[in-house]
Amino acid sequence: METTRIARTAMLPYGKQAIDEDDIQAVVDVLRSDFITQGPAIDRFERKVADYVGARYAVAFCNGTAALHAACFAAGVGPGDEVITTPITFLASSNCALYMGARPVFADIKLDTYNIDPDRLASAITAKTKAIIPVDFTGQPVEIDRITKIAQDHGLVVIQDAAHSLGATYSGRKVGQYADMTMFSFHPVKHVTSGEGGVIVTDNEHYYKQLQLFRSHGMTRDAALMQQNDGPWYYEMIELGYNFRMTDMQAALGASQMDKLDRFVQRRRAIAARYTEAFSSMEGLIVPYQHPNAESSWHLYILRWDEQQFIEGRNRAFQELRDRLIGVHVHYIPIYKQPYYRSLGYANVDCPNAEEYYNTALTLPLYPSMTDQDVEDVIDSVKEVAFTMKEM
Ligand SMILES: *Cc1c(COP(=O)(O)O)cnc(C)c1O
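Residues numbered from 1 in each chain as written. Predicted model: local features only at pLDDT ≥ 70, side-chain atom pairs only at ≥ 80, totals over all residues. Heavy atoms only, no water.

A.B. asks: Whenever I open this one, the side chain of Asp161 confuses me. Can you help?
C.D. replies: Among the secondary structure elements, Asp161 is positioned in strand β5 (residues 157–161). Buried within the structure, Asp161 lacks any salt-bridge partner; Lys190 is the closest side chain of opposite charge, at an N-O distance of 6.8 Å. A distance of 2.7 Å separates the side chain of Asp161 from the side chain of Ser93, its partner in a polar contact. (Helix = DSSP H or I, 4+ residues; strand = E, 2+ residues; numbered from the N terminus. Buried < 20%, exposed > 50% of the residue type's maximum accessible area, 1.4 Å probe, protein only. Lys, Arg positive; Asp, Glu negative; His and termini not counted. Salt bridge = Lys/Arg side-chain N within 4 Å of Asp/Glu carboxyl O. Polar contact = N/O pair within 3.5 Å; in protein donor to acceptor, adjacent residues only side chain to side chain.)

See the structure below:
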């Protein structure tokens, strides 16, 4: 095989937003209106997300991390509690437990789906466990039926971190219908964006009200919740909340983008299928396994490099692909390896699958506005790199 380098002129990123003129117009319309925060665009956006996933309520936040923080508050997570999650996720999935004074506990992943192993999760439960935060890593839903069963048996709250899986289904039903609360992120690398943004969906009215309180200083004007009422100006602070509100500009962008979600997911699935078709017969490259009940919305495409087959493995592949302007990435460093977590006593966490995964995983570019030529450039570059690394 000849080793002609692909003549790209700019780095192909691993993820990127797609903003059209109608998205821009939606934001401009808000700027010309009476409300630029907590106005009607928030309600419209929340309704759109709730209706799309088939949930009763949605509450919008300034970002997904704040939304997870609020979900932990609504679940009653506090000091002395434990919250079980996966180590292969973004920091926010476990930091939200720390914010509430609780202790995150990491249960190892499965080496096929890279999602939390329900058996490991079950054996991590103690008398202190209060909640579970399973993460639909890469967009592939976790085995949520097994996880909610375990949670019911132990009286635990399930907060599904679906930052990667908006639009995905499990057993034919949309993610957002299974857990007590489900979080979606609207960061620009996610499926659709509001700039920054996060949403919790739930069917539970109590959680819904707690989420709204937490978003805005713990303030209420609801007579049923107040101790007294001095007049029309009056409000009471009944919980310690934050200012985690989303602006109407963000909500208008998010609502406009929601109309494109199905098209974006379709394109992501097509690109992922093309990658898998190209790489599945190549020895030493491990393509993503899909659980039969899960239909991923493909936030990330992970290609693993067998260390036995490729000298210098993933690290070499990363550099070779970056040299060819293919913006590969690594998702994620197991959270317990972070210095801050080690300082909290997580130095000896036993997650061998997470370790093996981390040492071999490489994220390929994947976003809806990639052209077919971009996709073929990635495939040609990966093949070229894999070929030269075997020759070494
Ligand atoms: C993006 C993301 C979040 C939330 O992130 P924000 O940037 O705060 O919206 C949480 N969990 C995972 C797994 C994520 O990828």
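There's more to say after this.
A.B. asks: I would appreciate a short explanation of the UniProt feature "active site" (unreviewed entry) in the chain in the present structure.
C.D. replies: Listed under "active site" (unreviewed entry) in the UniProt record, and renumbered for this structure, are Lys190. Tracing the backbone shows Lys190 in the loop between β8 (181–185) and β9 (198–202). In contact with Lys190, not counting residues within four places along its chain, are Ala163, His164, Ser185, Arg268 and His299. (UniProt positions renumbered as here; feature names shortened; annotations may be inferred. Contact = heavy atoms within 4.5 Å.)

A.B. asks: Looking at this model, I keep getting lost on the layout of surface pockets. Mind explaining?
C.D. replies: Where empty space is left can be seen by rolling a probe of water-molecule size over the atoms. Taken as a whole, the largest pocket holds about 340 Å³ of empty space. At the level of secondary structure, the elements contributing two or more residues to the lining of the largest pocket comprise α3 (64–74), α4 (92–99) and β8. With 3 residues, the top contributor of residues to the lining of the largest pocket is α3. Class assignment of the residues belonging to the lining of the largest pocket gives a composition of 9 nonpolar, 11 polar and 3 charged. Per-domain counts for the lining of the largest pocket show at least three residues from each of domain 1 (21–258) and domain 2 (261–391). Volume-wise, the second largest pocket comes out at about 250 Å³. If you go around the second largest pocket, the residues you meet are Lys209, Gln212, Leu213, Ser216, Met219, Thr220, Arg221, Asp222, Leu225 and Tyr235. When residues of the lining of the second largest pocket are traced back to their parent elements, those giving at least two are α7 (205–215) and β10 (219–220). (1 Å grid on protein atoms, 1.4 Å probe; cavity = no way out; pocket = protein on both sides within 12 Å on 5 of 7 lines; lining within 4 Å. Points joined across faces, edges and corners; volume = space filled by probe spheres on them. Nonpolar A, V, L, I, M, F, W, Y, C, P; charged D, E, K, R; others polar. Domains from an automatic or database assignment.)

A.B. asks: How should I be thinking about the packing of α3 against α7 in this particular structure?
C.D. replies: Packed helices, taken two at a time, are described by the angle between their axes plus the distance between the axes. Between α3 and α7, the shortest axis-to-axis distance is 9 Å and the interhelical angle comes to 125 degrees. With respect to α7, the element α3 is oriented oblique. In the packing of α3 onto α7, the handedness of the crossing is right-handed. Along its contact with α3, which presents His69, Ala70, Ala71, Phe73 and Ala74, the element α7 presents His206, Tyr207, Gln210, Leu211 and Phe214. Looking at the contact of α3 with α7, its residues break down into 7 nonpolar, 3 polar and no charged. (Axes fitted to C-alpha atoms, helices over the stretch in contact; angles between N-to-C directions. Parallel < 35°, antiparallel > 145°, perpendicular 65-115°, else oblique. Left-handed = near helix turned anticlockwise from the far one by under 90°.)

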